[in-house]
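Topology and contacts: notes
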Amino acid sequence: MSIATIWIIVGIVLILSELMATSIVAVFFGIAAIIVGLLLNFGLIESYSVQYLLFGVLSLVLLFTARGRCKRWFVGYTADSTEQPSRLADDIGRRVTVHSDFQQGAGRVVLNGVQWDAESADALKAGDVAFVVANHGIKLVVSATNPT
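Residues numbered from 1 in each chain as written. Predicted model: local features only at pLDDT ≥ 70, side-chain atom pairs only at ≥ 80, totals over all residues. Heavy atoms only, no water.

Structural notes on the overall build of the chain
- Across its full length, the chain holds 3 helices and 5 strands.
- The N-to-C order of helical and strand elements in the chain reads α-α-α-β-β-β-β-β.
- The 148 residues of the chain split such that 28% are buried.
- Sequence-distant contacts, at least 24 apart, represent 41% of the contacts inside the chain between residues at least 6 apart. (Helix = DSSP H or I, 4+ residues; strand = E, 2+ residues; numbered from the N terminus. Buried < 20%, exposed > 50% of the residue type's maximum accessible area, 1.4 Å probe, protein only. Contact = heavy atoms within 4.5 Å.)

In structure tokens form, the structure reads like this:
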């Protein structure tokens, strides 16, 4: 196995490792390793010192120039005190469909096409219509009567 092949394999492994790390760092090291491997394969570089130097420089350049642009594609929305407040309060009074029968006050409802865990003092059956009266974290509190 040639050195060029090893560089390319290491690059692919680094890029794939990003699937578990999600920090958007290893992918740039992987791209740099693949570039070094390709340059070796085409005979444009040969010495070990140039390989390592080029790998280091390419990694840093890619990391500092492209990471900021790429990171925003992979970061989801998280809410904390400095960001927008939760929009669950907007769902109070919304109509939901009961997805599964409520047993001991707990069941599942569908709100905006998404199933939610819910609790209710009412005996609700699958297919019934209910209304959101509150939320406890990610669990909705629903009632058979409209709160508004």
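A word on the packing of aromatic side chains
- Within this structure, the stated rule accounts for 3 aromatic pairs.
- With 6.4 Å between their ring centres and 40 degrees between their planes, phenylalanine 29 and phenylalanine 55 make a pair best called tilted. Here phenylalanine 55 lies in helix α3 (residues 48-74) and phenylalanine 29 lies in helix α2 (residues 26-41), a separation of 26 residues in the sequence.
- Residue phenylalanine 29 is classed as partly exposed on the basis of its relative accessible area, which comes to 28%. (Phe/Tyr/Trp six-rings, centres within 6.5 Å; stacked < 30°, edge-to-face > 60°.)

As for unusual backbone geometry
- A positive phi angle is found at glutamine 104, which is not glycine, with a value near 55 degrees.
- With respect to the element layout, glutamine 104 can be found in the loop between β1 (95-103) and β2 (106-111).
- Here asparagine 112, not a glycine, exhibits a phi torsion of approximately 55 degrees, which is positive.
- You can see asparagine 112 is positioned in the loop between β2 and β3 (114-119).

Brief notes about the packing of helix α1 (residues 3-21) against α2
- Where α1 contacts α2, the two axes come as close as 7 Å, and the packing angle between them is 165 degrees. It follows that α1 is roughly antiparallel to α2 by the angle criterion. Note on packing geometry: the crossing formed by α1 with α2 is left-handed. Where α1 abuts α2, its residues Ile3, Ala4, Trp7, Ile8, Gly11, Ile12, Leu14, Ile15, Ser17 and Glu18 lie against Ala26, Val27, Phe29, Gly30, Ile31, Ala33, Ile34, Val36, Gly37, Leu38, Leu40 and Asn41. (Axes fitted to C-alpha atoms, helices over the stretch in contact; angles between N-to-C directions. Parallel < 35°, antiparallel > 145°, perpendicular 65-115°, else oblique. Left-handed = near helix turned anticlockwise from the far one by under 90°.)

Concerning the nonpolar core
- Judged by nonpolar contacts, Val96, Val98, Phe102, Val109, Leu111, Trp116, Ala118, Leu124, Ala130, Val132, Leu140 and Val142 together constitute the single largest core of 12 residues.
- Those elements that place two or more of their residues in this core are β1, β2, β3, β4 (129-136) and β5 (139-143).
- Filtering out sequence-adjacent residues up to four positions away, valine 132 remains in contact with Asp91, Ile92, Gly93, Arg94, Val96, Leu140, Val141, Val142 and Pro147.
- If you look at the next biggest cluster of nonpolar residues, it comprises 8 residues, including Ile24, Val27, Phe28 and Ala32. (Core = buried A, V, L, I, M, F, W, Y, C linked by side-chain atoms within 4.5 Å.)

This is a description of form; function is not addressed.
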